[in-house]
Amino acid sequence: MRQMHVLMLMGWLSCCAVVRADLVPFVIPLEVDSESCILWPVNEAIRPDSERVTVRDGHFFCRGRAVRIWGVNLSFGANFPSHEEARTVAVRLAASGVNSVRCHHMDTSAWPRGIWDAQNPTALSREALDRLDYFIDQLARQGIYTNINLHVGHAHSRYIKEVPDTGHNYDKVYNLFTPALIEAQKDYARSILTHVNAYREVTYAQDPAVAFVEITNENSFFMWDGDETLRTLKPYYAGLLQAQYNGWLKTRYGTRVKLAGAWSQGVSPLGETLLVNGDLSQMREGVPLEWKLEQHDGSQADIIRMDQGIRVDIVKHDGTGWHLQFNQGDLGLTQGQYYTVMFESRSDRARSINCLVSQAHDPWKGLGLSRTIQLNPEWQSIRLGFLAVDGDTNARVSLSFGEDDTAFELRGLAMHAGGQVGLEPQESWGSGTIRLYADNESDTRELDRAVFLAETEKAFFDQMREFIREDLGCRALVTGTIVFGPLGMYAQSGMDYVDAHAYWQHPQFPGTPWDAGNWLVRQKPMVDFPQEATLFALAAQRLAGKPFTVSEYNHPAPLDSQAACVPMLSAFASAQDWDGIWLYTYSHGNTDWGRSYLSSYFDIDSNPAKWGFMRSGADIFRRRGVNVLGHRSEVALSEHASGRLTSLAQHQRRFGADLFSALASEYGMGRSNLLTVQLSAMLSGKSTIRPVLEPESKMTWGVEDGKGLFAVESDAGRVAVGHASLFDRITQGAIQMHSPEHIALTVTTLDGHALDQTQKMLIAACGRSENTGMIFDEERTTVGRHWGQAPVLIEPVEGVIRLPKAHWQAWALDASGRKKRPVPLEATDQSFELILSGAYQTMWYLLVQEESR
């Protein structure tokens, strides 16, 4: 058993468990109760002539001081409440400490779910604009800033004549390089940002309440499926991008001789094949020798020997690719070596298969090749080259095919070291025939493409920002999209602030994407898996000298450990000195604002495991109840500015979007370092670490026998999240719990003072949260469509909290924040003990010094 770090809560906070409590109703009402004991202090209204949020010294500033954004998303129809609902929602948000909303997916649909006119998909809905105007005004009256997302879900290619329909995911990737689609985005930006708000008598561009503008959501050449999208562009768009690439190469090299010489460096012929029985001629028990047929979760396939090669008949499939695989392992790969995978294949009708080279053992890490191959009834020769990003003595090449029931045939499988080619004889920029992707590219050719894409992407974002700021006169701070790896960070380096997204255990859809009846949320508490945690990955996406925000984050329902979401994120973000958080999402709709049950994976407005911690999160993050860590590190991805793009491209090839691993390769750091050091990345320069001359927090995260505990100690806030059995040992007896199994606990001051000086404290504690009558499967990974009904329930935490000797009074609060019942305090020699009990049916406890009543 590993020795774990110890969290000390200033010697006075401890809990000890009693009997496990049942789930109890805890419905936080839509209407704010004026008698609530936990209301956030009234914010100063944002008037049309108020000072704007600006950037100074790498942080947001307003009214002469640094400001942090504690926000929520509004998605689809939730951006357009009625006037009465707008007032109510704005008051509720402000009462919980929210000071910004992110208007997300408002461009995806027609009214009433979106901003477009239901009768004319190229015109804005007057009703939607009126409601948005009024909502922005009501939010501003409560001191809440608006973040306008320009492009999220609208596919402009469907509605303009100049180009064919991309048929792809909201035009993502396509709209980064296509002039007509870029102009369409500018037209939409103009129509939104120059619109005059009827209730504020100022354009969105000039309104200080519209503090942030985002150009496009999750959109990059380097995004998750960016490479596959680029390889399969529709012909019109492929020709357009290839022409741009040929022009770029001509500018870069000047002559074809120089280009050919650069691309020929390091090429090598094919070596001997690494595969055994690659012709598939030797069979045993229905499977070629040295090969494996993997069949998972009831999926089945049969292999039939043909004159040449094999035929694969799919007997049963569930739509998940990796549930059917044909692979060979025990392959030795060398990091940095180029390899070529070759085979021939056909299918009975059009279908795709996936080819992957990865570890043949846990954690099954990809080693450089992951490609989707489109098959048809004609035989085709497949040749796939890749650079091994890591070495391994037990690697495998695998074909996965569980998405489709179409039979296919294989023959002549081989895998060789070497096989790169440079500039091919028939290619020239004069004829525009240099392909963006070739079958087996030399190292320089591959890096050149990456640099071209990075420069093209950065040019798009820079010109869009300039258009918004200069042509439209918009004074809001502008970001482009989230960071996707080193080259994605470079593309965002000209923005006013840098943004990121993360989800812990995002729903998975084994069949059709977003099928409400067929999904999984794995029951993995993040606290048990620090090596996989979202927080460390997010920290690596911060660019030195720029404000850093996280505009989407969630631990989705019905995860049993979802209560960890707000406490862990707010504490870690505050300790790392981030600048803004928008949780995803307050709500998706505008028809049921007062519902009293969980309605989806992400909506937090009716989820006490999330919304019940919002006031605590505001104290921890927005009010800096958790101090920053004591050292600040800036890690450079490349040493010299002159060659940094090539260096960034090399990192991108090896690590993809994993910036943490890229930074670790340069600086030798581990995730545990981020428990004591603030991290930011530099594109080039000299890495540094220096102390921070201000009060600091203490943060620990340890795991014993697969069970974890995350804890933070600071002057005005405490956070502890993890398994009950660990609290006693980790805190040397300061906290002892036996149930519930997973607990999220925060202790914050409501007056902004330190814990040893405060007159008023809020303790928030919660285990699970779910609806009444929710029906889980045996593994608790899904409820399908059986979400249950109202009221929403929580799992109360039972225990004892010790307070220093003082004249404390304590109350259990109801779900509106009113005092529900007094909680007796039991005196000991050195302290008072506050008893938490399921009998109080609450997650909130208020502590007040008697003289401040």
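What you see is a predicted model, and the numbers here were worked out from it, not measured in a lab.

A. Structural view of the sheet that holds strand S13 (residues 292-295). Spatially, S13-S16-S21-S18-S19 is the arrangement adopted by the five strands of the open sheet, whose pairing is antiparallel. The strands lining the two open edges of the sheet, one partner per strand, are S13 and strand S19 (366-375). Strand after strand, the sheet turns through a mean of 25° between neighbouring axes, direction not considered. Where strand S18 (residues 351-359) and S19 come together, eight bridges link them in antiparallel fashion. When the sheet's bridge partners are listed, cysteine 355 is paired in S19 with arginine 371.

B. Looking closely at the packing of helix H3 (residues 179-193) against helix H7 (residues 443-471). It is the contact of H3 with H7, at a shortest axis distance of 11 Å, that shows an interaxial angle of 30°. Comparing their axes, H7 and H3 come out roughly parallel. As for how H3 packs across H7, the hand of that crossing is right-handed. Facing H3, whose interface residues are Ile182, Gln185, Lys186, Ala189, Arg190 and Leu193, H7 presents Phe460, Gln463, Met464, Phe467 and Ile468.

C. Representation of the environment of aspartate 297. Its location among the elements puts aspartate 297 in the loop between S13 and strand S14 (300-305). Residue aspartate 297 is classed as exposed on the basis of its relative accessible area of 63%. Other than its neighbours up to four places away in sequence, aspartate 297 contacts Asp318 and His323. Engagement of the side chain of aspartate 297 in a polar contact is seen with the side chain of histidine 323, the distance being 3.5 Å.

D. How the structure looks around the sheet that holds strand S1 (residues 24-25). The three strands are arranged S1-S36-S35 in an open sheet whose pairing can be described as antiparallel. Single-partner strands in this sheet number two, and they are S1 and strand S35 (769-772). Pairing geometry for S1 and strand S36 (residues 789-794), over two bridges, is antiparallel. Bridge assignment links valine 24 to a residue of S36, and that residue is isoleucine 794.

E. Local environment of the confidence of the model for the protein. Of all residues in the protein, 97% have pLDDT values of 70 or greater, and the mean over the chain is 94. Every residue in residues 1-21 is under pLDDT 50, and counting partners more than four places away or in other chains gives 83 contacts.

F. Broad picture of the pattern of salt bridges. Under the counting rule described, the total for this entry stands at 47 salt bridges. The residue arginine 445 makes a salt bridge to glutamate 427 at a minimum N-O spacing of 2.8 Å. Separated by 18 residues along the polypeptide, arginine 445 in helix H7 and glutamate 427 in the loop between strand S22 (408-417) and H7 bring together distant segments of the chain. Per residue, the accessibility class of arginine 445 equals that of glutamate 427, and both read buried. Within the structure, one salt-bridge network assembled from shared partners comprises Arg311, Asp313, Arg346, Asp348 and Glu409.

G. Examining the packing of H7 against helix H8 (residues 485-492) more closely. Here H7 crosses H8 at 30°, and the two axes come no closer than 8 Å. As summarised for this structure, H7 and H8 are arranged roughly parallel, according to the angle between their axes. Of the two possible hands of crossing, H7 and H8 adopt the one that is right-handed. When H7 is examined against H8, the residues Ala450, Ala454, Glu455, Glu457, Lys458 and Phe461 are found in contact with a partner set consisting of Leu487, Gly488, Tyr490, Ala491 and Gln492. Counted by class, the contact of H7 with H8 contains six nonpolar, two polar and three charged residues.

H. Representation of the side chain of threonine 782. Within the secondary structure, threonine 782 is located in the loop between S35 and S36. A polar contact of 2.8 Å, which involves the side chain of threonine 782, links it to the backbone oxygen of tryptophan 519.

I. Geometry of the side chain of aspartate 107. One can find aspartate 107 in the loop between strand S6 (100-104) and helix H2 (126-141). Buried within the structure, aspartate 107 lacks any salt-bridge partner; lysine 172 is the closest side chain of opposite charge, at an N-O distance of 9.7 Å. Side-chain polar atoms of aspartate 107 contact the backbone nitrogen of glycine 153, separated by 3.1 Å. Residues within four places of aspartate 107 in sequence aside, it is in contact with Ile115, Trp116, Leu150, His151, Val152, Gly153, His154 and Tyr188.

J. Expanded view of the packing of aromatic side chains. Within this structure, the stated rule accounts for 38 aromatic pairs. Where tyrosine 584 meets phenylalanine 602, the ring centres are 5.7 Å apart and the plane angle is 70°; that geometry is what we call edge-to-face. Of this pair, tyrosine 584 sits in strand S26 (residues 580-587) while phenylalanine 602 sits in the loop between S26 and helix H11 (608-611); the two residues are 18 residues apart in sequence, bridging distant segments of the chain. Comparing tyrosine 584 with phenylalanine 602 shows no difference in burial state: the two are buried. Each residue in the set Tyr503, Phe509, Trp514, Trp519, Tyr584, Tyr601, Phe602 and Trp787 is aromatic and connected to the rest through ring pairs, giving one cluster. A cation over a ring is seen here: arginine 113 above phenylalanine 76, with NZ or CZ 4.3 Å from the ring centre.

K. A look at the state of the cysteines. For the structure shown, the criterion picks out zero disulfides. Free cysteine: cysteine 474, not disulfide-bonded; nearest cysteine sulfur from cysteine 103 at 13 Å. Judged by relative accessible area, which is 1%, cysteine 474 ranks as buried.

L. Quick look at unusual backbone geometry. Here tryptophan 111 and proline 112 are connected by a cis peptide whose omega angle stands at 15°. By the element assignment, proline 112 lies in the loop between S6 and H2. Look at the link from aspartate 362 to proline 363: it is a cis peptide, with omega at 10°. Here proline 363 shows up in the loop between S18 and S19. Residues other than glycine seldom take positive phi values, yet aspartate 57 does so here, at roughly 55°. Mapped onto the elements of the fold, aspartate 57 is located in the loop between strand S2 (54-56) and strand S3 (59-62). According to the relative accessible area criterion, aspartate 57 is exposed, its value standing at 69%. Not every positive phi belongs to a glycine, and tryptophan 514 is a case in point at roughly 60°. Within the fold, tryptophan 514 resides in the loop between strand S24 (498-503) and helix H9 (534-539).

The rules behind the values
Residues numbered from 1 in each chain as written. Predicted model: local features only at pLDDT ≥ 70, side-chain atom pairs only at ≥ 80, totals over all residues. Heavy atoms only, no water. Pairing = 2+ DSSP bridges. Helix = DSSP H or I, 4+ residues; strand = E, 2+ residues; numbered from the N terminus. Axes fitted to C-alpha atoms, helices over the stretch in contact; angles between N-to-C directions. Parallel < 35°, antiparallel > 145°, perpendicular 65-115°, else oblique. Left-handed = near helix turned anticlockwise from the far one by under 90°. Contact = heavy atoms within 4.5 Å. Buried < 20%, exposed > 50% of the residue type's maximum accessible area, 1.4 Å probe, protein only. Polar contact = N/O pair within 3.5 Å; in protein donor to acceptor, adjacent residues only side chain to side chain. pLDDT = per-residue confidence, 0-100. Salt bridge = Lys/Arg side-chain N within 4 Å of Asp/Glu carboxyl O. Nonpolar A, V, L, I, M, F, W, Y, C, P; charged D, E, K, R; others polar. Lys, Arg positive; Asp, Glu negative; His and termini not counted. Phe/Tyr/Trp six-rings, centres within 6.5 Å; stacked < 30°, edge-to-face > 60°. Lys NZ or Arg CZ within 6 Å of the ring centre and 35° of its normal. Disulfide = S-S within 2.5 Å.

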